Amino acid sequence: MKSMRKVSVLVIFLGAVIQGCALKPQNVHLDPEVEYAKEVSPSEVLIGFSVADDRPTKKLGEIGDAHQAKVDVTLNEDFVPLLTERLTAGIEQRGFMVDPDDPTVGRTLTIKVDNLALNSVKMPMTFRTELRADVTAVAATESGVYERVYYVQTSQDTAGPPYEGQTNKLINEAMSQALTAVMNDDKLFEALTR
């Protein structure tokens, strides 16, 4: 009788552990660190600045487990205010004065998050999760337009399918790389001074 109880308790415990480890849909949070170029002396150059979320879908991709079950990974939050604040600090550090969303300013800089795509694949011994981030910067003045797309692709290997914390880290690392590349693009900021 005692052994039956032990077996029952073990079965219930294992069932709870398996359910607790089951994949759940992930809604990630964007909070990238942005590193800025060296400081320059302040100038009188005023630019209109805006950030746009131009992704075609809020879904980044799917993550599957060893049994081919799949769950969605999404980024539903409005991250535009956060990125506007962080990037404004970098633009000002580069020596510009920033006026957000003012269409009457003759010089404008627009940063667009075009795509965030996640792909997770079961490998023989691990799970490989890849993330691609596409960010476009458009500097427009009366002299012309400078436009560049910054692509970042990064990956991580995990013993099991990545959980929300691991996915968050991967997404924020990729966006950090892309936005840091924007802030350190000397040609972009030179175009705003013409």
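The structure displayed is predicted, hence computed values, not measured ones. (Residues numbered from 1 in each chain as written. Predicted model: local features only at pLDDT ≥ 70, side-chain atom pairs only at ≥ 80, totals over all residues. Heavy atoms only, no water.)

**As for the overall build of the protein chain**
For the protein chain, the count of helices and strands is 4 helices and 8 strands. Along its sequence from the N terminus, the protein chain presents helices and strands in the succession α-β-β-β-β-α-β-β-β-β-α-α. Of the contacts made within the protein chain by residues no fewer than 6 positions apart, 75% connect residues no fewer than 24 positions apart. (Helix = DSSP H or I, 4+ residues; strand = E, 2+ residues; numbered from the N terminus. Contact = heavy atoms within 4.5 Å.)

**A look at the nonpolar core**
Counting 45 residues, the largest nonpolar core has L83, L87, I91, L109, I111, M175 and L188 as its most contacted members. Once residues lying within four places of it in the same chain are set aside, the contact partners of L83 are L30, P32, V51, V113, M175 and L179. (Core = buried A, V, L, I, M, F, W, Y, C linked by side-chain atoms within 4.5 Å. Buried < 20%, exposed > 50% of the residue type's maximum accessible area, 1.4 Å probe, protein only.)

**Description of the packing of aromatic side chains**
Going through the model one piece at a time under the given rule, you end up with 1 aromatic pair. Judged by centre distance (5.8 Å) and plane angle (40°), the rings of F96 and F189 are tilted. Highlighted residues: F96 in the loop between α2 (80-93) and β5 (97-100) and F189 in helix α4 (residues 186-191), separated in sequence by 93 residues. (Phe/Tyr/Trp six-rings, centres within 6.5 Å; stacked < 30°, edge-to-face > 60°.)

**A look at α2**
With 14 residues, α2 extends 20 Å from end C-alpha to end C-alpha; this agrees with the ideal 20 Å at 1.5 Å per step. Listing the buried residues of α2 in full gives V80, L83, T84, L87, T88, G90 and I91. The buried residues of α2 occupy an angular sector of 165° when projected down its axis, which confines them to one face. Contact partners of the buried residues in α2: β2 (46-53), β5, β6 (108-122), α3 (164-183) and α4. Phi turns positive one or two residues past the end of α2, at G95, with a value near 105°. (Expected span 1.5 Å × (residues − 1). Arc of directions from axis to C-beta.)

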